[in-house]
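# Chains, contacts and geometry: an overview
For reference, the chains in residue letters:
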Amino acid sequence: MKRKIYGIVIVMFCAALLTGCGGKQPHGPERKQAGETDTAEADDVALTPIADVRSALEDDIQALRDGKYKNLVPDDAMSFYFPETMTEVYELSLEESREITVDEAQPFFSELFDFLLPGRLTEEEKAYEFRVACNEDFHEDKYPYSCPTVQEYIQNVEGKRNGEDDFWILMTDTPEWYLAVTLSGEFLGYRDGVAEKYNGYPVNISGKYFLTDNNPVYKYYGLPDLGSEDTYQLLDGEMSVRDAVASTEAFLNDIASRGLCCADGKAFPVRVMGCLVVDMGDGHYGYSMRVMPEYKGVIFGANPMKTGDFALHTIPVSEDSYDNYPGIAYMVQTDKVNGAQDPFMCTNGDVKEVDCSDRILPLADAAKILSEKLTGHVAFGVESIAFVYESKSVKERPTARSIRPCWSFQVRDKVNGSLQFMYVDALNGNCVHMYTQRPEDSLWEEG
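Predicted model only: the values in this text are computed from it and were never measured. (Residues numbered from 1 in each chain as written. Predicted model: local features only at pLDDT ≥ 70, side-chain atom pairs only at ≥ 80, totals over all residues. Heavy atoms only, no water.)

### A word on the overall build of the protein
Cut-off, in case you're wondering: Every helix listed is a DSSP run of H or I at least four residues long, and every strand listed is a run of E at least two residues long, numbered separately from the N terminus. For each residue, the accessible area found with a 1.4 Å probe, counting protein chains only, is set against the maximum for its type, and the residue is called buried under 20%, exposed over 50%, and partly exposed in between. The protein chains shown are the only cover counted for residues, whose accessible areas, like all others here, come from Shrake-Rupley with a 1.4 Å probe.
Of regular secondary structure, the protein possesses 7 helices and 24 strands. Counting all 447 residues of the protein, 55% fall into the buried class. Approximately 18700 Å² of the protein is accessible, and the part contributed by carbon and sulfur atoms is 48%.

### A short note on the packing of helix α2 (residues 102-116) against helix α6 (residues 241-257)
Formally: Only the stretch in contact is used when fitting a helix axis, every axis being a line fitted to C-alpha atoms; angles between N-to-C directions are given from 0 to 180 degrees. Note that the term roughly parallel is reserved for angles under 35 degrees, roughly antiparallel for angles over 145, roughly perpendicular for angles of 65 to 115, and oblique for everything else. Crossings are classed by handedness, with left-handed meaning an anticlockwise turn of the near helix from the far one by less than a right angle and right-handed meaning a clockwise turn. Contacts were defined at the residue level, with two residues in contact if any of their heavy atoms lie within 4.5 Å. Residue type decides the class: Asp, Glu, Lys and Arg count as charged, Ala, Val, Leu, Ile, Met, Phe, Trp, Tyr, Cys and Pro as nonpolar, and the leftover types, Gly among them, as polar.
The N-to-C vectors of α2 and α6 enclose an angle of 150°; their axes lie 12 Å apart at closest approach. Regarding the angle of α2 to α6, the classification is roughly antiparallel. The handedness of the crossing between α2 and α6 comes out as right-handed. Contacts from Leu112, Phe115 and Leu116 in α2 reach Phe251, Asp254 and Ile255 in α6. Its residues placed into classes, the contact of α2 with α6 shows 5 nonpolar, no polar and 1 charged.

### Here's the deal with the environment of Leu47
By secondary structure assignment, the location of Leu47 is in the loop between β2 (44-46) and β3 (48-49). Classification of Leu47 as buried rests on a relative accessible area of 0%.

### Some points on the pattern of salt bridges
Selection rule: By convention in these notes, a salt bridge is any Lys or Arg side-chain nitrogen within 4 Å of a carboxyl oxygen on Asp or Glu.
One pass over the structure, following the stated rule, counts 16 salt bridges. Across the pair Glu123 and Lys126 runs a salt bridge whose closest N-O atoms are separated by 3.0 Å. Of the two residues, Glu123 and Lys126 both sit in helix α3 (residues 123-129), 3 residues apart, roughly one turn of that helix. Accessibility expressed as a relative area gives 3% for Lys126, which makes it buried. Between Glu372 and Lys368 there is a salt bridge whose closest N-O contact spans 2.6 Å. Linking Glu372 with Lys368, this pair stays in helix α7 (residues 363-373), spanning 4 residues, or about one helical turn. Overall, Lys368 belongs to the partly exposed group, its relative accessible area being 39%. Among the charged side chains, a network of salt bridges with common partners joins Glu91, Arg404 and Asp425.

### Points about the packing of aromatic side chains
Note the cut-off: Paired rings are identified among Phe, Tyr and Trp, the last through its six-membered ring, by centres lying within 6.5 Å, and are further divided according to the angle between planes into stacked (under 30 degrees), edge-to-face (over 60) and tilted (the rest).
Under the criterion given, the structure shown has 19 aromatic pairs. Here Phe300 and Tyr389 contribute two aromatic rings whose centre-to-centre distance is 5.5 Å and whose plane-to-plane angle is 50°, an arrangement assigned as tilted. Of the two residues, Phe300 is situated in the loop between β15 (298-299) and β16 (314-316) and Tyr389 in strand β21 (residues 380-394); the sequence distance between them amounts to 89 residues. Since its relative accessible area comes to 0%, Phe300 is described here as buried. A network of ring pairs unites the aromatic residues Tyr90, Phe268, Tyr295, Phe300 and Tyr389 as a single cluster.

### A few points about the side chain of Arg401
Note the threshold: In protein, a polar contact means a hydrogen-donor-capable atom and an acceptor-capable atom, both N or O and within 3.5 Å, with residues adjacent in sequence counting only if both atoms are side-chain atoms; elsewhere, any N or O pair within 3.5 Å suffices.
Here Arg401 shows up in strand β22 (residues 397-413). Reaching out from Arg401, the side chain makes a polar contact with the side chain of Ser391 at a distance of 3.1 Å.

### Digging into unusual backbone geometry
Residues Tyr143 and Pro144 are joined by a peptide bond in cis, for which omega reads 5°. Despite not being glycine, Asp282 has its phi angle at roughly 55°, a positive value. Structurally, Asp282 is set in the loop between β13 (270-281) and β14 (284-295). Although it is not a glycine, Lys296 sits at a positive phi angle of roughly 50°. The exposure class assigned to Lys296 is partly exposed, which follows from its relative accessible area of 27%.

### Some details on the confidence of the model for the protein
Condition: Looking at any residue, its pLDDT shows the predictor's confidence there, from 0 to 100.
A residue-level look at the protein finds 76% of positions with pLDDT of 70 or above and a mean pLDDT of 81. For the stretch residues 1-19, pLDDT sits under 50, and the model shows 73 contacts to residues farther than four places along the chain or on other chains. A low-confidence stretch, residues 304-319 (pLDDT under 50), is modelled with 61 contacts involving residues beyond four sequence positions or located in other chains.

### Considering α2
For clarity, the threshold we go by: Expected helix span is given by 1.5 Å per residue-to-residue step, counting one fewer step than there are residues.
The end-to-end C-alpha distance of α2, which contains 15 residues, comes to 20 Å, matching closely the 21 Å that a straight helix rising 1.5 Å per residue would cover. When we look at burial in α2, the residues that qualify are Val102, Ala105, Phe108, Phe109, Ser110, Leu112, Phe113 and Leu116.

### Remarks on the state of the cysteines
For clarity, the cut-off: Here, the term disulfide refers to a pair of cysteine sulfur atoms separated by no more than 2.5 Å.
Inspection of every chain in the model, using the stated rule, returns 0 disulfides. Take Cys406: it sits in no disulfide, and the sulfur closest to it among the cysteines is that of Cys431, at 9.8 Å.

### Structural notes on the environment of Lys126
Along the sequence, Lys126 and Val150 sit 24 residues apart, while their C-alpha atoms lie 9.7 Å from each other. Those residues in contact with Lys126 that lie beyond four places of it in its chain are Ser110, Phe113, Asp114 and Leu121.

### Quick look at α6
An ideal rise of 1.5 Å per residue puts 24 Å on 17 residues; α6 measures up with 24 Å between its terminal C-alpha atoms. Here α6 has its buried residues at Val241, Ala244, Val245, Thr248, Glu249, Phe251, Leu252, Asn253, Ile255 and Ala256. Immediately beyond the C-terminal end of α6, within one or two residues, lies Gly259, with a positive phi of roughly 75°.

Structure, rendered in structure tokens:
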């Protein structure tokens, strides 16, 4: 998942990952000095056993509702998420997938195509339809056939690339289907054409496709609501939100279990973290799921949208900002996922548990740090609070990522209406202002 993640571990990274903290001492003493890079006001933070943090959540939330901090005012409909089974948290590091040759990627791509789009192409047709595109090719009039075939790319382009800014993918793209992987061998996007056909093929050869491109959003279900029995009529029958969520997770994790998520065959398990119900017209609906990886029962946070699928027109405010972005998977039929975009976080090698802790920063303390970070002259409506993992690239090693547990807050400035995305590190109290979303920007844009 090139993103600048409830369930079964699909890929066994290494035996050490499954042993927990392995009897290690808790992460730091009960009072732990904040690191030099912290931006929080507090000089030190107190870490509390996770079980005690969980027991205090109801009181901590009520204290916020009772006005403990004048600049933090929970909305009546504020959503809240804390992992039910979490007993330990980890500081993780990983290396993203290496770039491979197109010749190496082609067998993987062909197998993935046959799994997702069986019977669509013969081997001879694949030789013509499978193309290699760079970021400049998508605007060509004759796209995708202006892009070289695999053999043409190997003979004429590979080894003569123009620079690091070029983004190349192996793909096949028609109105009836789309499949693409990066040249790191990572699953990038897929659609089977069913939704586009129902919508009358509103775009020609379009690459990725999102249901909200041509259909209005009817309702949103967040993390606490994904077990809903609300039922909607899809193109071929009725399906509940709960069943759609379960089917989406099972479908994507089956891809990962088959080693088809990336050429190296390693990816985090996938969890649905939000569901848009989209009105397809004529009494039919579709489900558009926001998906993220998870690690040992803790989902990764997605930035910076609360209700939409992809974030546009946002303002990153710090080099320390996290850079998780959600994947998308959508269903318009009851028996399959009809499209997906960037649903996996892949890794080239084992995920390393740099540290492990059975203690974290309590919600009450995280809220205090956040309140002190925000201006005291403006009230902020708290729209959601969640305990998640967040990741970011390591400056010194562009292919490396650092992953840490955080309290995630989405708060809205009650004066100018802007939505602020804030994170408080659950191990050191570092407070990061991730994004500001301007009030004029749509919450529902996907593409």
